[in-house]
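Examining the three-dimensional arrangement
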Amino acid sequence: MAWARTMDRRSDGTPKRQGLSMTQSTIKTAVVYHSGFGHTKRLAEIVAEGASASLIAIDAEGNIQQDEWEALNEADAIIFGSPTYMGGPSWQFKKFADASSKPWFEEKWKDKVFGGFTNSASINGDKLNTLQYFVLLAGQHGGVWVSLAMKPANVKASKRDDLNRMGSYIAPMAQCDADAAPDEMSEGDLETARLYGVRVAEIATRFAAAQKA
Ligand SMILES: Cc1cc2nc3c(=O)[nH]c(=O)nc-3n(C[C@H](O)[C@H](O)[C@H](O)COP(=O)(O)O)c2cc1C
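Taking an unreviewed UniProt entry as the reference, the protein chain is identified by name as Multimeric flavodoxin WrbA belonging to Neorhizobium huautlense. Looking at the Cofactor (unreviewed entry) heading of the UniProt record, one finds this comment for the protein chain: "FMN".

Remarks on the overall build of the protein chain
Counting secondary structure elements, the protein chain contains 8 helices and 7 strands. Counting the 213 residues in the protein chain, one finds 47% classified as buried. Restricting to contacts in the protein chain with at least 6 residues of sequence separation, those with at least 24 account for 76%. Put simply, the protein chain shows about 10800 Å² of open surface, and 53% of that area lies on carbon and sulfur atoms.

A look at helix 8 (residues 187-212)
For helix 8, spanning 26 residues, the distance from its first C-alpha to its last is 38 Å, which sits close to the expected 38 Å at 1.5 Å a residue. Where helix 8 begins, the side chain of S186 points an oxygen toward the backbone nitrogen of G188, at a separation of 3.1 Å.

A look at the pattern of salt bridges
Following the criterion strictly, the structure yields 6 salt bridges and no others. Among the salt bridges present, the one from E106 reaches K102, with a minimum N-O distance of 3.9 Å. Classification of E106 by relative accessible area gives partly exposed; the value is 43%. Across the pair E191 and R194 runs a salt bridge, and its minimum N-O distance is 2.9 Å. Taken together, the positions of E191 and R194, both in helix 8 and 3 residues apart, correspond to about one turn of that helix. The class for R194 is partly exposed, based on a relative accessible area of 22%.

Section: the side chain of T192
Relative to the helices and strands, T192 resides in helix 8. We classify T192 as buried; its relative accessible area is 1%. Setting aside residues no more than four positions away along its own chain, T192 makes contact with L148, M150, D162, L163, N164 and P172.

So, how was this worked out
Residues numbered from 1 in each chain as written. Predicted model: local features only at pLDDT ≥ 70, side-chain atom pairs only at ≥ 80, totals over all residues. Heavy atoms only, no water. UniProt positions renumbered as here; feature names shortened; annotations may be inferred. Helix = DSSP H or I, 4+ residues; strand = E, 2+ residues; numbered from the N terminus. Buried < 20%, exposed > 50% of the residue type's maximum accessible area, 1.4 Å probe, protein only. Contact = heavy atoms within 4.5 Å. Areas by Shrake-Rupley, 256 points an atom, 1.4 Å probe, with all protein chains shown as cover. Expected span 1.5 Å × (residues − 1). Polar contact = N/O pair within 3.5 Å; in protein donor to acceptor, adjacent residues only side chain to side chain. Salt bridge = Lys/Arg side-chain N within 4 Å of Asp/Glu carboxyl O.

And the structure:
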């Protein structure tokens, strides 16, 4: 938690978020995710809380509604979420990604800010491949990726509920044992995800302000 407090302040100790929070409400952020069994849904909810984002759930058939496509087209920032299944995003997420070829064709998502997150049962579980796929998808759309920018918890004293215990750099990863329910997820993983949501919204706010200047 000391890390979060440090993030709130500039090097001279003054609060960092005051100026941003006024404009942050004017940017639109959307979290679009698939979850088969509720774990990624819990992560999506906390990322959305951090980013003050709307939540768009990809359904079991890999679809979202037309008004949700329109919300994505209008968003300043889009955050992708999927569990890692067989070393990559779920097929439902991939169906959504393939359907995003329509906004790709029309360059609707060009210059948006992008982020993503994943979760799986194993500590490693090949989660990196899912995040790398999200980076590629953002790149295909001509977007700008936001990294996690959080030091890893990788010393002997590190605990399950520490921030970034997965030691990921490009975006947050979460791990939940295969026989554990969504409410048993690591508080550290959840807080890492929430802070990432805050970071994506802050970067999107700065980016939008720079584009208007
Ligand atoms: C079809 C399938 C494939 C999976 N593949 C992986 C995998 O490659 N690596 C891993 O660590 N866990 C794997 N898991 C476990 C899930 O990632 C894990 O249970 C996750 O929490 C599910 O998220 P959800 O509840 O949002 O669907 C797999 C689970 C399923 C159902």
